[in-house]
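# Observations on the three-dimensional arrangement
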Amino acid sequence: AILAQEKPAWCPSGLHGQKVSQATRTMAGPSGTSSRSSRSSRSSGSSRNGRMSLRSAFRPQALLFLATWAQLPWHSLAAPNDSEVNFSPVNKFWWALVTDVGLAPSARVRMEVKTEFPVNNTYLVMLSRNQREEWRSLPVLTPEQTGFLVSFWRSDLGSGVMADFQVKAPRSDRYDIGVLNVEGQLLKLNVELSIVNPGGEHLPLQEIGLAHVLFACSVLFLVSSAVLVLTLLIVPGRGWTALHLLIVIVWLLKSLVLLLEWHDKVQVSRYGSDTVIGALGWQLLDKAQEIMELMMFLLLALGWKYLRGSLNITEIRFAVGVSVISFYLGVFEVACTTQEMCSGYQLSRYILHSLCYLVIIVAMNFNLQMLHSQLMDAPASIQAGKLYRMHSAYKAFRWIFLSFIVAPTVEIFLRLSVIPWDGLWAVVLITELQTWATYAVAAYFFRPDASLAVFELTRDAVSDDDTEVPGGGIAAAAAAA
């Protein structure tokens, strides 16, 4: 059975500021399918010396976090995110129930819409991709025009609609299902919706094959983190620090996020529904992994455990503050119920991360310039060898971080211009491989290692010169050589 419940939501502009009821659906049983949300998608010393403990650094941010924790919309976490029916309007006459659902020919669509009171001139409409673009191309959609617009399927809402039909189309396409409210009337609906592709596949067409990619990438990150740990523990003469432990944690969290998302896709594909933990667990963990990833780049740029042993008070407070606020916004982004709220939290989080990116760039270039200045005055010694390796690491880190920043733009370009709409698995594969390459190169250049071999030879030559040769004289020295 597919259950429906009502949640109040403010009416969009054009309906005179009245309140309407937003229908939400909870999928259960093999007959249901889910329309996946696009939000997905892919944390000691004395203050007198300029240092502070982590406890004192966490205190103000922790109080802020605990004070607002109880205000989170936990009631919206009672059902999976993808069970929500999105009523964000294209204009004041159109509310989309599901958008961009990939359907193959002969896919089955079942809909049951109940209204609490009869309405006139209101329709339940299903649009193909091209038809949706034609509707959006109109500068203004008037009630007189709606009767002449072409749609794939439509039915008069009236007192309710019950429909069960197969998609008869020459090729696979993306579809939108929504309510066309010509007169802008007050509506209160209960919506039950089931969309199943041929073969009993409950996932949209563009997400078929995505589960295999997620599982393979999860295994890749897990194996890579295991190799890194074994390298740090087995190879002698390479002392690892807390920085390398942080890199391992980032890899492990990434593997766990992909594994949970894979399980969620498999659950939806088989049964058309997912659990609360399955739908929300990987999204919350993904926000935490993004924060750990950001902190890894920040601490690398600041030179923590690489150029210096500890951070000062300001740096610790900044890192902790960014982490707490980012997680706070991430939880709200996962728990939000409307597209407008989600966009607001997402934009706030992007602005916060962009500020952190700016700090990373400034700190990285400062340390690079500092190492260059020290190398200019350093004699040939073991310490100079360490400086050369650090300088090379930060030169590589500039390109690593540049690729990290440019990656979302490349992903959007591939999604919109290169890879077809039903090749989402290829986009995810390229994105995850790029992320893996970024982690791997960063771990390689910031690995614990000895000085360069040429400086070891310099040390041996200096030791030979200081050794007294028996017999004295040039001949004795030549004989000893």
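I will try to describe carefully the structure that is included in this document. (Residues numbered from 1 in each chain as written. Predicted model: local features only at pLDDT ≥ 70, side-chain atom pairs only at ≥ 80, totals over all residues. Heavy atoms only, no water.)

### Thoughts on the overall build of the protein chain
- Helix and strand counts for the protein chain come out as twelve helices and ten strands.
- The burial tally for the protein chain puts 46% of its 481 residues in the buried class. (Helix = DSSP H or I, 4+ residues; strand = E, 2+ residues; numbered from the N terminus. Buried < 20%, exposed > 50% of the residue type's maximum accessible area, 1.4 Å probe, protein only.)

### Structural notes on the nonpolar core
- The biggest cluster of nonpolar side chains holds 56 residues, and the ones touching the most others in it are M295, M296, F297, I360, Y394 and F397.
- Looking at this core, the elements with two or more residues in it are α4 (210–234), α5 (242–271), α6 (276–302), α7 (313–335), α8 (339–377), α9 (382–418) and α10 (424–445).
- Sort the elements by how many residues they give to this core and α6 lands first, with eleven residues.
- Among all residues touching I360, those that are not within four sequence positions of it are L294, F297, L298, A301, F397 and F401.
- Ranked by size, the runner-up nonpolar core spans 25 residues in total, among them L97, M111, V119 and L187. (Core = buried A, V, L, I, M, F, W, Y, C linked by side-chain atoms within 4.5 Å. Contact = heavy atoms within 4.5 Å.)

### Topic: a nonpolar patch on the surface
- A cluster of nonpolar residues, F215, V219, V223, V227, L256, L259 and L260, forms a patch on the protein surface that exposes about 530 Å² of accessible area.
- Among the secondary structure elements, those contributing two or more residues to the nonpolar patch are α4 and α5.
- Of all the elements, α4 adds the most residues to the nonpolar patch, at four residues.
- With respect to the helices, strands and loops of the structure, F215 is situated in helix α4.
- Its relative accessible area of 38% is what places F215 among the partly exposed residues. (Patch = residues over 30% accessible without salt bridge, like charges linked within 9 Å, V, L, I, M, F, W, Y side chains within 5 Å. Areas by Shrake-Rupley, 256 points an atom, 1.4 Å probe, with all protein chains shown as cover. Salt bridge = Lys/Arg side-chain N within 4 Å of Asp/Glu carboxyl O.)

### Notes on the state of the cysteines
- Per the stated rule, a full pass over the model turns up one disulfide.
- Disulfide pairing is shown between C336 and C342; the S-S distance is 1.7 Å. Residues C336 and C342 are joined by a disulfide whose S-S torsion is about 100°; by sign, that bridge is right-handed.
- Using a relative accessible area of 1% as the deciding quantity, one classes C336 as buried. (Disulfide = S-S within 2.5 Å.)

### A short note on the pairing of strand β9 (residues 173–181)
- Taking burial as the measure, the nine residues of β9 include nine buried ones, the bulk of the element.
- Covered by surrounding structure in β9 are D173, Y175, I177, V179 and N181 together with R174, D176, G178 and L180, the residues of both alternating faces.
- Bridge count between strand β4 (residues 94–103) and β9: seven bridges; the pairing is antiparallel. If you follow W94 over to β9, its bridge partner there is L180.
- Alignment of strand β6 (residues 122–128) against β9, held across seven bridges, turns out to be antiparallel. Bridged to M126 within β9 is I177. (Pairing = 2+ DSSP bridges.)

### Things to note about the packing of aromatic side chains
- Under the counting rule described, the total for this entry stands at 21 aromatic pairs.
- With 4.6 Å between their ring centres and 40° between their planes, F297 and F404 make a pair best called tilted. Residue F297 is located in helix α6, and its partner F404 is located in helix α9; the two are separated by 107 residues in the primary sequence.
- Taking relative accessible area as the criterion, F297 reaches 0% and is therefore assigned buried.
- Residue classification places F404 among the buried positions, given a relative accessible area of 16%. (Phe/Tyr/Trp six-rings, centres within 6.5 Å; stacked < 30°, edge-to-face > 60°.)

### Description of helix α2 (residues 129–137)
- Within α2, the full set of buried residues consists of Q131, R132 and W135. The buried residues of α2 occupy one face: seen down the axis, they fall within an arc of 100°.
- As for α2, its buried residues are in contact with β4, β6, β7 (153–156) and β9. (Arc of directions from axis to C-beta.)

### Regarding α4
- Taking 1.5 Å per residue, 25 residues should reach 36 Å; α4 reaches 36 Å between its end C-alpha atoms and fits that length.
- Of the positions making up α4, those classed as buried are L210, A211, V213, L214, C217, S218, F221, S224, S225, L228 and L232. (Expected span 1.5 Å × (residues − 1).)

### Side note on the sheet that holds strand β5 (residues 108–115)
- An order of β8-β5-β10 is seen for the three strands of this open sheet, with the pairing classed as antiparallel. Edge positions in the sheet fall to β8 (160–166) and β10 (189–196), since each has one partner strand and no second. Mean inter-strand twist for the sheet, computed between neighbouring axes without regard to direction, equals 0°.
- Taken together, the eight bridges between β5 and β10 define a ladder with antiparallel strand orientation. Residue pairing for β10: T115 is matched across the bridge by L189. (Axes fitted to C-alpha atoms, helices over the stretch in contact; angles between N-to-C directions.)

### Re the pattern of salt bridges
- For the structure shown, the criterion picks out 15 salt bridges.
- With its nearest N and O atoms 3.4 Å apart, the salt bridge here joins R132 to D100. Taken as a pair, R132 in helix α2 and D100 in strand β4 lie far apart in primary sequence, 32 residues in all.
- In this structure R132 comes out as buried when scored by relative accessible area, which is 7%.
- Taking relative accessible area as the criterion, D100 reaches 27% and is therefore assigned partly exposed.
- Here K188 and E116 are joined by a salt bridge, their closest N and O atoms 3.9 Å apart. Taken as a pair, K188 in the loop between β9 and β10 and E116 in the loop between β5 and β6 lie far apart in primary sequence, 72 residues in all.

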